[in-house]
Amino acid sequence: MVSGYEEAFPAELREYYRKLFGEEAGEIMASLRTPVEKYYIRVNTLKTSREKLMRILRREGLKPKRSPYIKEGIYFEREGPNFPDDHEPGLPVVRANKFAAESVYQGAMLYAPGVLQADKKIKPGDEVEIRDPRGLLVGIGIARMSAKEMVVSTRGLAVEVTLPKFRLPSLSELESFKEGLFYAQSLPSMVVAHVLEPSEEELIVDMAAAPGGKTSHIAQLMQNRGEIIAMDKSKNRLKKMEGELERLGVKNVKPIHMDSRRLPELGIEADKILLDAPCTALGIRPKLWESRTPKDIEATARYQRHFINAAIKSLRRGGVLVYSTCTLSYEENEANVKYIMSKGLKLEEQSLFIGSSGMGIDEVQRFYPNRHLTQGFFIARFRKV
């Protein structure tokens, strides 16, 4: 029998993790299975201050805490686990798709579009258990529709979740959210903009910008001055980002709909470039299950080099490139750092360093889910000399 967390990972990925992380592999996988212990948001200093926002959030019924590392960081403590892994409530079952199940697992309600199937006898008012497609119990709640309605409806509340496995604060309904006073963003992701050290007279390019977390953070560090070119190849994601930038009151971003591997075609010389590279996302939490394998890691690392080459071409001499990923693999992280250095860029120390140093490379920053209680993440900073 494979232990609790392990069935979430394909056998060859478990093997890969054991080779890479040794003894720590088990702890890392167990952490990845759960949501982050500290759920972070970034204060939008274009509109408010941390102290003001904390007062507002308390009034809205939350328990915000100050980040000791980042002055615009606030976090909330995760609640849970609220029941053990082997809990068998013996209630009628509602099965949710992976996306909906991951949301319920962290305290969200279950809406009809997320329901895959439901025990036929379920009627409104019944207590039910919610499981993911593979049978993992993610929460318990009260049915607000009959089984049939749940399965056929395209909208509406299917189950009011009363006991999720974990509980993170629900933020998007808050007045303070609608007013654009904050952006939900992980701690390592906030570190990135600080490592970039943007200043208001610079031209900055964000190569994979949508949905806009790091872009809007860079904008607030530049106090809405200077120019940020934000690229994304997905029209939908770009549209979403434009909505976010508007909510946050960001005015110095020029969104461009294009594949950033074609960045050199714009003929610009950027002062600084952020390449938050498309990656296997092995560091994202929670993972009810993971489908990526070492083959995906190798293919993605090769794919990332096209973006790296484009970035190097478009960076002025003396300019800075920050490379980041939300993944744990060696190939997408340290191996690509070595590739960037082979192109003549110089690795630099990072002004904000709260993670661990890299594998065989000290100046890069790695975040481990089990050690740092964050997403798995990686950051490197280079100068074109």
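This write-up is about the structure you can find in this document. All of these numbers come straight from a predicted model, not from anything done at the bench.

A separate point is the sheet that holds strand β7 (residues 127-131). The six strands are arranged β5-β9-β8-β7-β4-β6 in an open sheet whose pairing can be described as mixed. The open sheet has two free edges, formed respectively by β5 (110-111) and β6 (115-118), since each of these has just one partner strand. When β5 meets strand β9 (residues 157-164), the two strands line up antiparallel, connected through two bridges. Residue pairing across strands places Tyr111 opposite Leu157, the latter belonging to β9. Lying over the sheet, helix α4 (residues 98-105) contacts β4 (93-96), β5, β7, β8 (137-143) and β9, oriented at roughly 85° with respect to β8.

Once that is clear, we can look at the pattern of salt bridges. Taken as a whole and assessed by the stated rule, the structure comprises 26 salt bridges. Of the charged contacts, one joins Arg247 and Glu244 as a salt bridge, the two residues approaching to 3.0 Å between their closest N and O atoms. Taken together, the positions of Arg247 and Glu244, both in helix α9 (residues 235-248) and three residues apart, correspond to about one turn of that helix. A single burial state applies to Arg247 and to Glu244, both of which are buried.

Across the interface, helix α1 (residues 11-21) lies against helix α2 (residues 25-32) with an axial gap of 8 Å and an inter-helix angle of 125°. On the basis of their axis angle, the class for α1 and α2 is oblique. In contact with Arg14, Tyr17, Arg18 and Phe21 of α1, α2 contributes Ala25, Ile28, Met29 and Leu32. When its residues are assigned to classes, the contact of α1 with α2 shows six nonpolar, no polar and two charged.

This brings us to the layout of surface pockets. Volume-wise, the second largest pocket comes out at about 310 Å³. The residue makeup of the lining of the second largest pocket, split by class, is six nonpolar, three polar and five charged.

Criteria and cut-off values
Residues numbered from 1 in each chain as written. Predicted model: local features only at pLDDT ≥ 70, side-chain atom pairs only at ≥ 80, totals over all residues. Heavy atoms only, no water. Pairing = 2+ DSSP bridges. Helix = DSSP H or I, 4+ residues; strand = E, 2+ residues; numbered from the N terminus. Contact = heavy atoms within 4.5 Å. Axes fitted to C-alpha atoms, helices over the stretch in contact; angles between N-to-C directions. Salt bridge = Lys/Arg side-chain N within 4 Å of Asp/Glu carboxyl O. Buried < 20%, exposed > 50% of the residue type's maximum accessible area, 1.4 Å probe, protein only. Parallel < 35°, antiparallel > 145°, perpendicular 65-115°, else oblique. Nonpolar A, V, L, I, M, F, W, Y, C, P; charged D, E, K, R; others polar. 1 Å grid on protein atoms, 1.4 Å probe; cavity = no way out; pocket = protein on both sides within 12 Å on 5 of 7 lines; lining within 4 Å. Points joined across faces, edges and corners; volume = space filled by probe spheres on them.

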